[in-house]
Amino acid sequence: THRICLYVPICCVSCINVNQIVIATQEGRIIRLNWEGVEERDYALDLKRIPFSVNQQVSYAVPILEKNVYVSSIDYSPLLCGFGITLNDGRAAFLTANNTKFDPNQVQGIWCQNVDDATCTVINHKYRLIAFGRKNSQTNMYVIDDLTGGLELSHKLSLSAKDFPGSPGYVRDMKWTPDGCAIIVAWGNGGISLWSTFGSLLLCSLAWDYGLHVDLSKSDPFNVISMDWSTEGYQLLMVRQTNEQPTKLDNGTIDSVDTTNEPRSTVATVLVQLDFVKSILTINPCMSNNSFLLLQGDDKLYINHGDVLQNIYPAHKSSYDSANEADVSYSGKADEFGKGFTYFKHMENNSAYIPSGEPDPVNVGGDNYLKFNSVLSESKHWVVLNLPTAYISSNWPIRYSAIDQSGTNVAVAGRTGVALYSFNTRKWKLFGNETQEKDFVITGGLLWWKEFIIMGKLHCSECFTFKIQSPSISFVFGFAGCYSLIGFHDELRIYSKENKLDNRFAEITKSASPVMLINLFRDQLVVFTSDGHVSVFALKQIEEDYNGSDHHRVELVKMHIYDIKNVCIHPACVISVLMTSLKHEGVGTGGMMKPSNYENSLSETLIMNVSGRVLMVQTDHQQHHHSTASANNQLTSTCLASSVECIWVSESNKTHIKESLWLYCGGYGMRVWLPVFPRTGETGSRSLRHTFMSKRIMLSFTLKIYPLVILFEDAIILGAENDTL
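Position labels on residues start from 1 in each chain and follow its written sequence. Local features in this predicted model are restricted to residues of pLDDT 70 or higher, and side-chain atom pairs are both shown and tallied only at a pLDDT of 80 or more, whereas totals for entire chains, interfaces and linings draw on every residue. Derived side-chain values reflect all non-hydrogen atoms in the structure, with water molecules and hydrogen atoms excluded from consideration.

Notes on the overall build of the protein chain
Looking only at helices and strands, the protein chain has 6 helices and 55 strands in total. Note on classification: 1.4 Å probe, protein chains only; a residue is buried when its accessible area is under 20% of the maximum for its type, exposed when over 50%, partly exposed between these limits. Buried residues in the protein chain amount to 52% of all 725 residues. The criterion used for residue contact is that any of the two residues' heavy atoms lie within 4.5 Å. Sequence-distant contacts, at least 24 apart, represent 52% of the contacts inside the protein chain between residues at least 6 apart. Each accessible area value is a Shrake-Rupley result obtained with a 1.4 Å probe; residue values ignore everything except the protein chains displayed when judging cover. As presented, the protein chain carries roughly 35,300 Å² of accessible surface, and 50% of it is formed by carbon and sulfur atoms. Put simply, DSSP H or I for four residues or longer makes a helix, DSSP E for two residues or longer makes a strand, and each gets a number counted from the N terminus.

A few points about the sheet that holds strand β49 (residues 637–641)
DSSP-based pairing: two strands are paired if at least 2 bridges between them are found. Strands sit in the order β45-β46-β47-β49 across an open sheet of 4 strands; the sheet is antiparallel. Two strands in the sheet have a free side with no partner beyond their single neighbour: β45 (574–580) and β49. Across the sheet, the mean angle from the axis of one strand to that of its neighbour is 25°, orientation sign disregarded. Two strands pair when backbone bridges link them, and strand β47 (residues 613–618) and β49 are joined in this way by 4 bridges, in the antiparallel orientation. What sits directly across from Met616, in β49, is Thr638. Axis definition: a line fitted to C-alpha atoms, over the contacting stretch in the case of helices. Angles run 0 to 180 degrees between N-to-C directions.

Thoughts on the pairing of strand β30 (residues 400–403)
Side chains of β30 alternate between two faces, with Tyr400 and Ala402 and Ser401 and Ile403 buried alike. One ladder, built from 4 bridges, connects β30 with strand β31 (residues 409–413); its direction is antiparallel. The residue bridging Ser401 from the neighbouring strand is Val412, located in β31. Where β30 folds back onto β31 in an antiparallel hairpin, the turn is made up of 5 residues, including Gly407, whose phi is positive at roughly 75°.

Examining the packing of aromatic side chains
The pairing test for Phe, Tyr and Trp rings, Trp by its six-membered ring, is centres within 6.5 Å, and the orientation test on the planes gives stacked under 30 degrees, edge-to-face over 60, and tilted for anything in between. For the structure on display, the rule yields 14 aromatic pairs. For the ring pair Tyr76 and Phe83, a centre distance of 4.8 Å and an interplane angle of 45° mean the geometry is tilted. Both rings, one in Trp662 and one in Phe712, keep their centres 5.8 Å apart while their planes meet at 75°; by these two values the pair is edge-to-face. Of this pair, Trp662 sits in strand β51 (residues 661–664) while Phe712 sits in the loop between β54 (707–711) and β55 (716–719), placing them 50 residues apart in sequence. Of the two residues, Trp662 and Phe712, both sit in the buried class. By the ring-pair criterion, three or more aromatic residues cluster together here, those being Tyr76, Phe83 and Phe102. We call a charge positioned above a ring when the Lys NZ or Arg CZ atom is no farther than 6 Å from the ring centre and deviates by at most 35 degrees from the ring normal. In this arrangement the basic side chain of Arg696 is found over the ring face of Trp673, its NZ or CZ atom lying 4.3 Å from the centre.

Section: the confidence of the model for the protein chain
When pLDDT is low, close inspection of the predicted coordinates is not appropriate. Model confidence for the protein chain is summarised by a mean pLDDT of 79, while 73% of its residues fall at 70 or above. Note that residues 256–260 has pLDDT below 50 and, in this model, 2 contacts with residues that lie over four places away or in other chains. Contacts from residues 310–377, a stretch scored under 50 in pLDDT, to residues over four places away or in other chains number 96 contacts. Confidence of the prediction at every residue is given by pLDDT, a number between 0 and 100.

What to know about the pattern of salt bridges
Whenever a carboxyl oxygen of Asp or Glu lies within 4 Å of a side-chain nitrogen of Lys or Arg, that contact is scored as a salt bridge. As enumerated under the stated definition, the model contains 15 salt bridges in all. When the shortest N-O distance is used, the salt bridge between Asp173 and Lys175 registers 3.2 Å. For Asp173, a relative accessible area of 12% gives the class buried. Given the relative accessible area of 23%, Lys175 is considered partly exposed.

A look at a nonpolar patch on the surface
Surface patches are defined over residues having more than 30% relative accessible area and no salt bridge, joining like charges when they lie within 9 Å and nonpolar side chains (Val, Leu, Ile, Met, Phe, Trp, Tyr) when within 5 Å. A grouping of Val54, Val58, Tyr60 and Val62 is seen on the molecular surface, where their side chains present a nonpolar patch of about 340 Å² in accessible area. Along the chain, Val62 falls in the loop between β5 (52–53) and β6 (71–77). For Val62, a relative accessible area of 34% gives the class partly exposed.

Here's the deal with the state of the cysteines
Note on disulfides: each one is a pair of cysteine sulfur atoms within 2.5 Å. Enumeration according to the criterion identifies 0 disulfides in this entry. No disulfide involves Cys646; its nearest neighbouring cysteine sulfur is the one of Cys181, lying 7.6 Å away.

Here we look at the pairing of strand β3 (residues 29–34)
The two faces of the sheet receive side chains in turn, since in a regular strand these alternate between them. Burial runs high along β3: 5 of the 6 residues are buried. Inspection of the sheet shows strand β2 (residues 20–25) paired to β3 by 5 bridges, in the antiparallel sense. Across the sheet, residue Ile23 finds its bridge partner in β3, namely Ile31. Bridge count for β3 against strand β4 (residues 45–46) is 2 bridges, and the pairing is antiparallel. By the bridge assignment for β4, Arg29 is matched with Asp46.

Topic: the side chain of Arg128
Examined against the element boundaries, Arg128 turns out to sit in the loop between β10 (118–124) and β11 (129–134). Residues scored as positive are Lys and Arg, those scored as negative are Asp and Glu, and His as well as the terminal groups of each chain are ignored. Of the buried charged residues, Arg128 lacks a salt bridge, with Asp146 as the closest side chain of opposite charge at 5.9 Å.

Focus: the sheet that holds β51
Ordered in space as β50-β51-β52-β53, the 4 strands form an open sheet in which the pairing is antiparallel. Here the strands that pair on one side only, and so sit at the sheet edges, are β50 (646–648) and β53 (696–701). Along the sheet, successive strands turn relative to each other by an average axial angle of 20°, direction set aside. Of the pairings in the sheet, the one linking strand β52 (residues 670–675) to β53 comprises 6 bridges and is antiparallel in character.

Structural notes on unusual backbone geometry
Going from Trp396 to Pro397, the amide bond is cis rather than trans, its omega being 0°. With respect to the helices, strands and loops of the structure, Pro397 is situated in the loop between α2 (389–395) and β30. Within the chain, Arg426 stands out as a residue other than glycine whose phi angle is a positive 55°. Along the polypeptide, Arg426 turns up in the loop between β32 (419–422) and β33 (427–429). The backbone phi angle of Ser611 is positive, close to 55°, even though this residue is not glycine. Among the structural elements, Ser611 can be located in the loop between β46 (605–610) and β47.

Overview of the environment of Leu194
Structurally, Leu194 can be placed in strand β16 (residues 192–196). For Leu194 and Lys175, which are 19 residues apart along the polypeptide, the C-alpha to C-alpha distance reads 9.8 Å. In contact with Leu194, other than residues within four places in its own chain, are Ala182, Ile183, Ile184, Ser200, Leu201, Leu202, Leu203, Trp229 and Phe276.

Points about the nonpolar core
The set of buried Ala, Val, Leu, Ile, Met, Phe, Trp, Tyr and Cys residues whose side-chain atoms join them within 4.5 Å is what this entry labels a nonpolar core. Among the nonpolar cores identified, the biggest contains 46 residues, and Leu301, Ile303 and Val410 are the most heavily contacted of them. For this core, the element with the highest residue contribution is β31, accounting for 4 residues. With near-sequence residues (within four places) excluded, Val410 lies in contact with Leu301, Ile303, Leu385, Ala402, Ile403, Ala419, Leu420, Tyr421, Phe423 and Trp448. With 24 residues, the next largest nonpolar core counts Cys12, Leu45, Ile64 and Cys81 among its residues.

Things to note about the side chain of Glu232
By the secondary structure assignment, Glu232 is in the loop between β18 (224–229) and β19 (235–244). Side chain to side chain, Glu232 and Arg399 meet in a polar contact 3.5 Å long. Residues contacting Glu232, with those up to four places away along its chain left out, are Pro178, Lys278, Pro397 and Arg399. Contacts described as polar in this section are N or O atom pairs within 3.5 Å, which, within protein, must combine one atom able to donate a hydrogen with one able to accept it, while residues neighboring in sequence count only if both atoms come from side chains.

What to know about the environment of Ala182
Summarising the element assignment, Ala182 is placed in strand β15 (residues 182–187). C-alpha of Ala182 to C-alpha of Ser196: the two residues are 14 residues apart in sequence and 4.3 Å apart in space. When residues no more than four places from it in sequence are discounted, the contact partners of Ala182 are Lys175, Trp176, Thr177, Leu194, Trp195, Ser196, Thr197 and Leu202.

A look at the environment of Ile575
By the element assignment, Ile575 lies in strand β45. When neighbours within four sequence positions are excluded, Ile575 is seen to be in contact with Lys126, Tyr127, Pro285, Leu517, Asn609, Ser611 and Gly612.

Here it is, written out as structure tokens:
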């Protein structure tokens, strides 16, 4: 423990790296200290010596000349290479420099224009957003303009009259989640709210039901004065301030230090923990092609098989007689999940509902059936999957999870290792050797391909499991991009689910750089590494004899390496990477491909989400089809949209769905990049009626829920909401 006296009041503190912190004082100075308590005087900043301007291109910049002006809130971002600050007079700014050393002679201040009531600030490193809380209860989000270097308003976080009719007061505190996908806001008059990165309201405590004995106008249960997230963002720790009335003793006197007879409320603080679950898309964007809702907590999973919403449920016509018309059962896919996944559809008002437009009862297999849809019904049946104590006790909390297309297999990765679960057998599969489980870490993601589970990792490990289906036997393999804690190197690991989780049956390939993200495109594995390269591997299944028994492995054959360093600002800013067959309207066939070319094409186009900007990178597959695996191709990109949180693509057989790109943009709603095709079969003058100047259009529409899963074939968007009990 080190103690140092600064002899001046301290306003705020921020950590800039593992060795140093900065302290803002009421003298208008920003002091840098190391963890040994030694002040680095050469790097101390003084507001009176820093030139401020509206952007970095303006030649006229002046320091702060007013007296008694100091920093009231400060936050540092190494990816933005600067500090976000708010001053005690309500102004806000961003301090930047040419290098990370922050030489006082090179620091420049960029004013946040039209803001004079700022209260606090926090920075989102991944999405490169600077948030400023204001006295009017709003939060302004800013980005740095690429051309001028000034602060440009991205969006605002503001409660509507429907959410809360009054004003909750000034913004007292804000904190981004560790994954940067949400921000928690606390107001001065009480109340908290959770927002997605680009402004979609996820929850607001002001709309909760606290019962009849709580008056929010006098005392809010969430009068939070300080808060922060746990390591993985599953718990929100809050310091709540309460006004407690002194209690009366048995003799009628008041238990208070005050000698007067008037009771006075005392201010007390309470530590409150609020637990959260999050979507797998926040940390595992490669699962966007999943058709099931999967939420993960710190030690359990919540699974909702949402496909029951659009299934067609057949029922015997005789079941609608007077004795049985109130209850109709169906099986559908329930048999695949075992008896624990049997669902029943109960009809309301003791009558069967047949949507308009449905045909009359048809003959199926000699029996009369009534066909009806249940697309308007909600499925609130959540399957809670608790992790085994043998794994979670030493690997808490859950970091990644994935479910396969059939909904029968789940993979989970904690602090180290991986665990697999099968709904068919209702059993977990763990490493038999605990030492092997502890010698690698998965941090890049998990993904199922057909019947295979794929896991990915950042700087530590990446696991992938695959299951190949053949007419006589099925094989399951696991792939992992890992950081070996024993060999101290990054690697790709391949496991077979049919075998034990053991390194004897693993195919281990070293990686030159840490694996950041993984994804799949048909039978290809797409790997993004920290050196700014996207590698495309072909997946090939091979068989070998091991001690008299057949063992099945997957071989990775490197096909292409694409250099995207000029596209991505920093590897940590890349939210997702996926390979598609989409083409820009100016490339090749103008956004359309012939069916034969589509089926024969391999890696066509890279779609990347870099700090909320969706970039389309044409890889020119035909040119590099015969290139060697070591060829590095530096590419250029086209920006399709901004403020994007999630991306979905489909491999549907329907042309418009297959050629579309679905984007969710937070408070801006859903955007769909659609192809515009002329009508087929028309000739002559009729064909000219549907000609378009552009081959694609971007359509937008609003949503009342946060989308988590898109069922393309059924035109259904699934999400989850929270509510108080």
